[in-house]
Amino acid sequence: APERADRWGLAEAEADVEPAFWADVRGEASWDAATLWTMVAAGGLLAAGSTAWPYFGLVGGGMYVYFAGRGILTRRELQRRGLRIGAPRSVQVGYAFLAVWGVTAAITVVVAIGALR
C-alpha cells in the first residue's frame, strides 16, 4: 500500500526522489507483495512444527537475500551518480532494514539446509 506508506512516513514522497527511482520502487513493491510471502510461510510452518518449513525457508530466504543485495547495491549506485533517492536519514534506515533482511535470510537458508540433512 504505497499511499499509506507515504502518509505514515515509511516511504519517500514522490517529489523527493528521481522519477525513475520512484517507478522502480513501486514496481519492486508490487513484485515483493506477490513473492515474499514464502519467508513468512516458513516462519509460520516452523512455529507450527511442520517439516515443510525448510523448503519455504530456502525459497523465501533466497529471495530475501536477493532483495536485500539488490536494494543495497542499486541504491549505492544511484547515490554515486548523484541521483536523489530520499532524505539522508530515511536512506540510512532503508539500508539498515535491507541489511537486517539480508542477514536474516542468509541465516534462514543455512538453518534450512541443516534441517534438510
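Above this note sits the structure.
Residues numbered from 1 in each chain as written. Predicted model: local features only at pLDDT ≥ 70, side-chain atom pairs only at ≥ 80, totals over all residues. Heavy atoms only, no water.

Engineer: Go over the overall build of the protein chain with me, naming the residues and quoting the values.
Structural biologist: Within the protein chain, the regular secondary structure consists of 5 helices and 0 strands. In the protein chain, the order of α-helices and β-strands from amino to carboxyl end is α-α-α-α-α. Each principal axis of the C-alpha distribution contributes one length, and for the protein chain these read about 50 × 30 × 20 Å. The burial tally for the protein chain puts 27% of its 117 residues in the buried class. Intrachain contacts of the protein chain at a sequence separation of at least 6 include 66% that bridge at least 24 residues. Between the centroid of the 11 positive side chains of the protein chain and the centroid of its 10 negative side chains there is a distance of 7 Å. (Helix = DSSP H or I, 4+ residues; strand = E, 2+ residues; numbered from the N terminus. Buried < 20%, exposed > 50% of the residue type's maximum accessible area, 1.4 Å probe, protein only. Contact = heavy atoms within 4.5 Å. Lys, Arg positive; Asp, Glu negative; His and termini not counted. Charge placed at Lys NZ, Arg CZ, Asp CG, Glu CD.)

Engineer: Give a description of the packing of helix α4 (residues 53–80) against helix α5 (residues 88–116) that names residues and reports values.
Structural biologist: Between α4 and α5, the shortest axis-to-axis distance is 7 Å and the interhelical angle comes to 150°. As judged from the angle between their axes, α4 and α5 are roughly antiparallel. For the crossing formed where α4 meets α5, the hand is left-handed. Split by residue class, the contact of α4 with α5 holds 22 nonpolar, 7 polar and 2 charged. (Axes fitted to C-alpha atoms, helices over the stretch in contact; angles between N-to-C directions. Parallel < 35°, antiparallel > 145°, perpendicular 65-115°, else oblique. Left-handed = near helix turned anticlockwise from the far one by under 90°. Nonpolar A, V, L, I, M, F, W, Y, C, P; charged D, E, K, R; others polar.)

Engineer: Would you mind going over the packing of helix α3 (residues 37–47) against α4 in detail, with residue names and values included?
Structural biologist: The N-to-C vectors of α3 and α4 enclose an angle of 150°; their axes lie 7 Å apart at closest approach. As for how α3 packs across α4, the hand of that crossing is left-handed. Within the contact between the two elements, α3 uses W37, T38, M39, A41, A42, L45 and L46 and α4 uses W53, F56, G57, V59, G60, G61, M63 and Y64. The residue makeup of the contact of α3 with α4, split by class, is 11 nonpolar, 4 polar and no charged.

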